[in-house]
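Next come the chains, spelled out residue by residue.
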Amino acid sequence: MSNAATRTPSNPWQRLTQWLGSARSQAADVLPVRVGGTEYRQTTATPASVLGFDQALLWVVVALLSWGLVMVYSASIALPGNPRFSNYAPTHFLTRHAFYLVMGFVAALLAFQMPMRTWERLAPWLFGAALLMLIVVLVPGVGKVVNGARRWLALGPISFQPSELAKFAVLIYAADYMVRKMDVKERFFRAVLPMGAAVAVVGVLLLAEPDMGAFMVVAVIAMGILFLGGVNARMFFLIAAILVAAFALMIVSSPWRRERVFAYLDPFSEQHALGKGYQLSHALIAFGRGEVFGVGLGGSVEKLHWLPEAHTDFLLAVIGEEFGLVGVLVLIVAFLWMTRRIMHIGRQAIALDRVFAGLVAQGVAIWIGFQAFINMGVNLGALPTKGLTLPLMSYGGSAILMNLVALAVVLRVDYENKLLMRGGRV
């Protein structure tokens with residue numbers, strides 16, 4: 001050990017350049033030791049490079065994005081044979097997905113540059129912007145209708161889905177709200193009810209599209225942040241019971257949602273096999289064909305106009321057919337590891353008395369983990385059919401964009417955590 005003064009670059013770009021230019025230090029995650037006001041660090045013959053964010057998390061995200069790009073191409077290459085997509089080139093969805101990835105990376109880099117205190121200041125404005133977009137998309141002639149749902153805004157050559165922005169906006173707003181209400185978090189009318197009302201407004205707008213899947217994700221994100229923020233357990237379970245009852249009422253009162261549940265219970269029956277159970281039955285056939293090791297990349301038969309939405313909601317079924325049980329298990333483990341890692345970053349931030357940053361990171365973990373769980377459950381027949389994409393992998397520009405922005409914010413939280421632990425300032 002030697003007495004050394006080490007200066008940490010304050011600019012994230014400088015940190016990234018430093019990492020790319022030199023080898024990673026073996027002692028990058030070791031905290032400095034202070035004895036009697038003197039700081040001691042391990043030194044090497046060459047200057048140590050300190051990575052400013054979680055490298056393992058970054059590489060897992062890149063791996064999932066890359067795998068998703070390959071699978072979107074594999075699942076969509078035969079779509080031009082369908083009369084509905086006859087004017088599309090075989091690489092149409094591949095090139096558009098790659099374009100969305102580039103847009104997402106640019107947006108993520110910009111999001112990473114914003115300190116968490118800036119996100120905290122912007123929380124109410126971001127929530128207001130999301131509400132405004134949810135209202136605008138419902139205006140006839142403005143919102144784009146696809147398969148009977150008005151969920152998209154046409155922005156030149158691309159379409160944007162405001163519900164994806166709503167997930168991120170509610171996450172940021174809920175974290176900021178809990179920080180502001182920390183002193184009264186045990187009081188239902190002053191802490192829980194206003195947040196519940198805000199989520200209810202978002203829910204009404206989402207159900208008007210309709211987009212029940214997005215509303216479920218928004219509600220779970222808000223509830224998760226309230227729980228992690230320290231809301232009384234009795235109030236939390238009361239809200240949970242109310243939400244479950246509300247979703248059950250929506251299903252019972254909607255004939256087509258009710259039919260989906262019946263189809264989920266018996267997708268291969270004569271009544272449902274060619275109706276609401278069609279997607280699920282062919283997804284299960286795809287998993288059955290894949291067996292343990294799969295039929296090989298590109299060898300899927302179900303994607304050849306048998307399985308609808310193979311490149312979006314049912315991408316996992318194509319993965320199961322082409323990579324088998326092994327591929328599905330690898331994917332599940334990757335999402336489990338990523339969710340746990342993000343939760344750890346959030347707990348670390350809270351331990352450093354950065355409650356807002358910690359709740360934001362944990363909210364992202366809830367978002368990614370819950371949506372992946374729902375998508376996988378639907379594909380595997382464990383849950384009723386619901387239109388939610390697989391995060392980071394399914395085709396969809398808005399989802400990819402907002403997923404990458406959210407993960408960039410998590411990396412920013414981790415960067416600021418490390419900066420504080422090394423004696424820096426944020």
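Above this text you will find the structure in question.
What you are looking at is a predicted structure, and each value in this text was computed from that prediction instead of being measured. (Residues numbered from 1 in each chain as written. Predicted model: local features only at pLDDT ≥ 70, side-chain atom pairs only at ≥ 80, totals over all residues. Heavy atoms only, no water.)

**Some words on a nonpolar patch on the surface**
Now for step 1: Taken together, the side chains of Val292, Phe293, Leu325, Val326, Leu329 and Val330 define a hydrophobic patch exposed on the protein surface, amounting to about 560 Å² of accessible area.
Now for step 2: Summarising the element assignment, leucine 329 is placed in helix H11 (residues 315–351).
Now for step 3: Judged by its relative accessible area of 44%, leucine 329 is partly exposed. (Patch = residues over 30% accessible without salt bridge, like charges linked within 9 Å, V, L, I, M, F, W, Y side chains within 5 Å. Areas by Shrake-Rupley, 256 points an atom, 1.4 Å probe, with all protein chains shown as cover. Salt bridge = Lys/Arg side-chain N within 4 Å of Asp/Glu carboxyl O. Helix = DSSP H or I, 4+ residues; strand = E, 2+ residues; numbered from the N terminus. Buried < 20%, exposed > 50% of the residue type's maximum accessible area, 1.4 Å probe, protein only.)

**Examining the sheet that holds strand E6 (residues 158–160)**
Now for step 1: Read from one edge to the other, the open sheet built from three strands follows the order E4-E5-E6, with strand pairing classed as antiparallel. Looking at the sheet topology across the chains shown, the edges are occupied by strand E4 (143–146) and E6. The average angle at which neighbouring strand axes cross in this sheet is 50°, direction not considered.
Now for step 2: Sheet topology note: the strand E5 (residues 149–155)/E6 ladder contains three bridges and is antiparallel. In the strand pairing of E6, alanine 154 is matched with serine 159. (Pairing = 2+ DSSP bridges. Axes fitted to C-alpha atoms, helices over the stretch in contact; angles between N-to-C directions.)

**A short note on the nonpolar core**
Now for step 1: Counting residues in hydrophobic clusters, the biggest one holds 122 residues, and the most contacted among them are Phe168, Leu331 and Phe335.
Now for step 2: If we skip the residues at most four places from it in the chain, phenylalanine 335 touches Leu64, Ile368, Ala372, Met376, Leu390, Pro391 and Met393. (Core = buried A, V, L, I, M, F, W, Y, C linked by side-chain atoms within 4.5 Å. Contact = heavy atoms within 4.5 Å.)

**So, the environment of histidine 305**
Now for step 1: Positionally, histidine 305 belongs in the loop between helix H10 (278–290) and H11.
Now for step 2: In terms of polar contacts, histidine 305 uses its side chain to reach the backbone carbonyl oxygen of alanine 78, at 3.3 Å. (Polar contact = N/O pair within 3.5 Å; in protein donor to acceptor, adjacent residues only side chain to side chain.)

**Let's talk about the pairing of E5**
Now for step 1: In terms of strand pairing, E4 meets E5 through four bridges, oriented antiparallel. Paired with valine 145 across the two strands is arginine 150, which belongs to E5.
Now for step 2: A loop of two residues connects E4 with E5, the two strands running antiparallel in sequence, and asparagine 147 in this loop sits at a positive phi of about 55°.
Now for step 3: Where E5 folds back onto E6 in an antiparallel hairpin, the turn is made up of two residues, including glycine 156, whose phi is positive at roughly 70°.

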